[in-house]
Amino acid sequence: MNIVLLGAPASGKGTQAEMLSKKFNLYHLQTGGIARELAKKDERIKEIVDSGKLVPENEMSMYVMDLLKDEKPEMKDILFEGFPRFISQYEALERFLKNKGDDIDAVISLEISKEEVVRRISSRVICSKCGEVFNLVTNPPKEKGVCDKCGGELIQRDDDKPESVEERFEYYKNNTEKLMEYLDSHKKLERVDGNRPIDVIFEDLSKFIETLK
Ligand code: AMP
């Protein structure tokens, strides 16, 4: 079973992807994480990620395919988070999986309003050491400024700063919404209300994924 989870920045797709991949034993492929790793060694990618822009679409597809060849060569049971974001990426992924005799079983979109995005992002912090994400309102750390998991310092991601948030939302709208229209017209998109509490969304998504088995 291969599933794609889409959503605007701070839609909760990372949290849901982590919970769902554990529950359904899926390999969690997160392109935001891949991009942030690459940014540590590549100044050009760092600039793209920090400013809230997107890595060129074909380049990102290449990173994903390369990673899959190494990490998940059988191409089964993958939860794609944040990828594909463009029609070209969707088609590349579909082709790639079909070559291996597999397919994309479902695309889920976590829908969220811009106001909610801004509200959530302003309270999101991330561990500078292990990458664990906290929300100061909905999921605060036990000790202020300190990661529960590894004791690392909690910081705000550069691309979560207000000047980047607006740009990321616009990019999301301009690029991914074209993909969503395409998927809607092919009746392949499951839209889920992402403005609700984490556990309620998780229950909904779990029920939906059960139907795919
Ligand atoms: P995210 O954590 O999903 O919001 O992604 C963080 C950043 O990673 C994005 O702002 C992009 O710079 C990059 N990125 C993630 N997924 C993709 C993708 N499918 N195509 C291009 N760039 C991506």
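Procedures and definitions
Residues numbered from 1 in each chain as written. Predicted model: local features only at pLDDT ≥ 70, side-chain atom pairs only at ≥ 80, totals over all residues. Heavy atoms only, no water. Helix = DSSP H or I, 4+ residues; strand = E, 2+ residues; numbered from the N terminus. Rg over C-alpha atoms; globule rule 2.2 N^0.38 Å. Buried < 20%, exposed > 50% of the residue type's maximum accessible area, 1.4 Å probe, protein only. Contact = heavy atoms within 4.5 Å. Areas by Shrake-Rupley, 256 points an atom, 1.4 Å probe, with all protein chains shown as cover. Lys, Arg positive; Asp, Glu negative; His and termini not counted. Charge placed at Lys NZ, Arg CZ, Asp CG, Glu CD. Salt bridge = Lys/Arg side-chain N within 4 Å of Asp/Glu carboxyl O. Phe/Tyr/Trp six-rings, centres within 6.5 Å; stacked < 30°, edge-to-face > 60°.

1. So, the overall build of the protein chain
Here is step 1: Counting secondary structure elements, the protein chain contains 8 helices and 8 strands.
Here is step 2: For 213 residues, the compact-globule estimate of 2.2 N^0.38 gives 17 Å, and the C-alpha radius of gyration of the protein chain, at 17 Å, lies within 12% of that figure.
Here is step 3: Across its three principal directions, the C-alpha atoms of the protein chain cover 50 × 40 × 30 Å.
Here is step 4: Looking at the protein chain as a whole, 46% of its 213 residues qualify as buried.
Here is step 5: For the protein chain, long-range pairs separated by at least 24 residues make up 69% of all intrachain contacts whose partners lie at least 6 apart in sequence.
Here is step 6: A total of about 11100 Å² of accessible surface is found on the protein chain, and carbon and sulfur atoms cover 50% of it.
Here is step 7: Taking the 35 positively charged and 42 negatively charged side chains of the protein chain as two groups, their mean positions are separated by 1 Å.

2. A look at the pattern of salt bridges
Here is step 1: Scanning the entire structure with this criterion turns up 19 salt bridges.
Here is step 2: Glutamate 94 is the partner of lysine 188 in a salt bridge, and the nearest nitrogen-oxygen pair spans 3.1 Å. On the criterion of sequence distance, the pair formed by lysine 188 in the loop between helix H7 (162-185) and strand S8 (189-193) and glutamate 94 in helix H5 (residues 87-99) is long-range, its members being 94 residues apart.
Here is step 3: A relative accessible area of 35% places lysine 188 in the partly exposed class.

3. Looking at the packing of aromatic side chains
Between two aromatic rings, the relevant description is the distance of the centres plus the angle of the planes.
Here is step 1: Counting across every chain of the model gives 1 aromatic pair.
Here is step 2: A ring pair is formed by tyrosine 90 and tyrosine 182, whose centres lie 6.0 Å apart and whose planes are at 70 degrees; its orientation type is edge-to-face. With a gap of 92 residues between them, tyrosine 90 in helix H5 and tyrosine 182 in helix H7 connect regions that are remote in the sequence.
Here is step 3: Its relative accessible area of 2% is what places tyrosine 90 among the buried residues.

4. Notes on unusual backbone geometry
Here is step 1: Here the residue pair phenylalanine 83 and proline 84 is connected by a cis peptide bond, since its omega of -5 degrees sits within 30 degrees of zero.
Here is step 2: Backbone geometry places methionine 75, a non-glycine residue, at a positive phi of 55 degrees.
Here is step 3: Within the element layout of this structure, methionine 75 appears in the loop between helix H4 (57-71) and strand S3 (78-81).
Here is step 4: You can call methionine 75 buried: its relative accessible area is 0%.

Note that every value here comes from positions in space, so none of it alone points to a role or purpose.
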